[in-house]
Amino acid sequence: MSAPTYEDILTSTDGPVLTITINRPEAGNKLRPRTCLELHHALQRLRMDPELRAAVLTGTGEKFFCIGGEHDPVTSLDQSQVLPIVDVYQAIDTIPKPVIAAVNGFAVGGGNVLHTVCDLTIAADHAVFRQVGPLVGSFDAGYGSWYLEDTIGRKRAKEMWYLNRKYTAPQAQEMGLVNEVVPAAELRDRAAEVAREITLRSPLAIGAMKGAFSARHNGVSGQARMAHDQQLSLYLQTREAHEVGTAFGERREPQTGSFWT
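Computed from a prediction, not measured in an experiment: that's the story for all the values here. (Residues numbered from 1 in each chain as written. Predicted model: local features only at pLDDT ≥ 70, side-chain atom pairs only at ≥ 80, totals over all residues. Heavy atoms only, no water.)

A.B. asks: Any details on the overall build of the chain? Residues and values, ideally.
C.D. replies: Within the chain, the regular secondary structure consists of 11 helices and 10 strands. Burial status across the chain gives 43% buried among its 261 residues. Put simply, 69% of the contacts in the chain that link residues at least 6 apart link residues at least 24 apart. Just so you have it, the chain exposes about 14,000 Å², and 56% of that area is on carbon and sulfur atoms. (Helix = DSSP H or I, 4+ residues; strand = E, 2+ residues; numbered from the N terminus. Buried < 20%, exposed > 50% of the residue type's maximum accessible area, 1.4 Å probe, protein only. Contact = heavy atoms within 4.5 Å. Areas by Shrake-Rupley, 256 points an atom, 1.4 Å probe, with all protein chains shown as cover.)

Below is the structure:
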């Protein structure tokens, strides 16, 4: 698939790895509606392109990974005014291919949620992690709470949300928010290396495990993805599925018993 032209993000590929870079350094790599729509589009490319097996998500520059979202004043109940960031979180969480966050600086507010939802997080040694919602009149009572609790535990998650403290990369690694801390100059290469390492594993197994991790918080949607994206896809390749479908078209009884003897 050819790479589209974006305004708020950059994309590049290196073999099976897609790199997605939030490209608004003058705004702290904040998310605006266009950014979210472009991130979602790039993530769908990851899903649909058979040549792509993993993605790295990062920010432009050395100071900001992402410091949250730009929220214009809501003047009506028109849902088109709502920042579509939940669509991005859901895409990262449910696409059956791993997304690695390469946190190159401040991951604050929605930026902290963004990396938390990713499968793994590699952080530069100068990165800073923080939740600021109650300080600035905002909150994330969904992915930002449930997944944070899954990642660092209930008490730590409440600490982040209630006290709004800053955490260094080593502190974040100690509490389980980060998988690995590396020198800033090595961050992107290391994240790409980890992504490529995953691509050497069975894509079906990785997809099934990602679906299993995601399903527990996604109700019928999570179960449907496990059943449809993994189990049904494999079943449709079996002799039994072929025989049942062929028999229906030929208006005869299927001979399924022989497949189990």
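A.B. asks: Outline the pairing of strand β2 (residues 17–22), listing residues and values.
C.D. replies: With five of its six residues buried, β2 lies for the most part within the structure. Relative to β2, strand β1 (residues 9–14) runs antiparallel, the two being bridged by six bridges. Paired with Ser 12 across the strands is Thr 19, a residue of β2. What sits between the antiparallel neighbours β1 and β2 is a turn of two residues, in which Gly 15 has the positive phi angle 60°. Judged from the six bridges that link them, β2 and strand β3 (residues 54–59) form a sheet pairing that is parallel. By the bridge assignment, Leu 18 is partnered in β3 with Ala 55. Each parallel crossover has a hand, and the one from β2 via helix α1 (residues 33–48) to β3 is right-handed. (Pairing = 2+ DSSP bridges. Right-handed = clockwise from strand over helix to strand, strands pointing away.)

A.B. asks: Lay out the packing of aromatic side chains in plain terms, naming residues and giving numbers.
C.D. replies: Throughout the structure, instances matching the rule amount to three aromatic pairs. Centre to centre, the rings of Phe 64 and Phe 106 are 6.3 Å apart; their planes meet at 40°, and the pair counts as tilted. Taken together, the positions of Phe 64 in strand β4 (residues 64–66) and Phe 106 in strand β6 (residues 106–108) put the pair 42 residues apart, joining distant regions of the chain. Since its relative accessible area comes to 28%, Phe 106 is described here as partly exposed. Each residue in the set Tyr 89, Tyr 143 and Tyr 147 is aromatic and connected to the rest through ring pairs, giving one cluster. (Phe/Tyr/Trp six-rings, centres within 6.5 Å; stacked < 30°, edge-to-face > 60°.)

A.B. asks: An account of the side chain of Asp 93 is requested, with residue identities and associated values reported.
C.D. replies: Residue placement: Asp 93 occurs in helix α2 (residues 85–94). The buried charged residue Asp 93 lacks any salt bridge partner; its closest oppositely charged side chain belongs to Lys 210, at an N-O distance of 6.4 Å. Side chain to side chain, Asp 93 and Tyr 147 meet in a polar contact 2.6 Å long. Sequence-distant contacts of Asp 93, defined by excluding residues within four places in its chain, comprise Val 117, Tyr 143, Tyr 147, Lys 210, Ser 214 and Asn 218. (Lys, Arg positive; Asp, Glu negative; His and termini not counted. Salt bridge = Lys/Arg side-chain N within 4 Å of Asp/Glu carboxyl O. Polar contact = N/O pair within 3.5 Å; in protein donor to acceptor, adjacent residues only side chain to side chain.)

A.B. asks: Run through a nonpolar patch on the surface, naming residues and quoting values.
C.D. replies: Judged by side-chain polarity, Tyr 235, Leu 236 and Val 244 come together as a nonpolar surface patch covering roughly 260 Å² of accessible area. Note on placement: Val 244 falls in helix α11 (residues 239–250). (Patch = residues over 30% accessible without salt bridge, like charges linked within 9 Å, V, L, I, M, F, W, Y side chains within 5 Å.)

A.B. asks: I'd like a description of the pattern of salt bridges, backed by residues and values.
C.D. replies: Under the defined criterion, the tally for this structure stands at 17 salt bridges. Ionic pairing is found between Arg 34 and Glu 7, a salt bridge with its closest N-O pair at 3.4 Å. In this pair, Arg 34 is assigned in helix α1 and Glu 7 in the segment before β1, connecting sequence segments 27 residues apart. Owing to a relative accessible area of 47%, Glu 7 belongs among the partly exposed residues under this scheme. Within this structure, Glu 7, Asp 8, Arg 32, Arg 34 and Glu 38 form a network of salt bridges that share partners.

A.B. asks: So, the nonpolar core: which residues are in play, and what are the values?
C.D. replies: Membership of the largest hydrophobic core comes to 47 residues, with the highest contact counts inside it found for Leu 57, Ile 92 and Phe 129. Counting residues in each nonpolar core, the second largest holds 13 residues, with Val 56, Ile 100, Ala 191 and Val 194 among its members. (Core = buried A, V, L, I, M, F, W, Y, C linked by side-chain atoms within 4.5 Å.)

A.B. asks: How would you summarise helix α3 (residues 110–117) if you had to cite specific residues and measurements?
C.D. replies: Counting buried residues in α3 gives eight out of eight residues, a clear majority hidden from the surface. Within the span of α3, buried status applies to Gly 110, Gly 111, Asn 112, Val 113, Leu 114, His 115, Thr 116 and Val 117.

A.B. asks: So what's going on with the sheet that holds strand β8 (residues 128–130)? Which residues, and what values?
C.D. replies: Within a beta sheet, neighbouring strands are joined by backbone hydrogen bonds and run either parallel or antiparallel to one another. Spatially, β4-β6-β8-β9 is the arrangement adopted by the four strands of the open sheet, whose pairing is mixed. Of all strands in the sheet, those bounded by a partner on one side alone are β4 and β9 (167–168). Sheet analysis places β8 next to β9, joined by two bridges and oriented antiparallel. Directly across from Val 128, in β9, lies its bridge partner Thr 168. Running over the sheet, α3 touches β4, β6 and β8 and is turned about 95° from β6. (Axes fitted to C-alpha atoms, helices over the stretch in contact; angles between N-to-C directions.)

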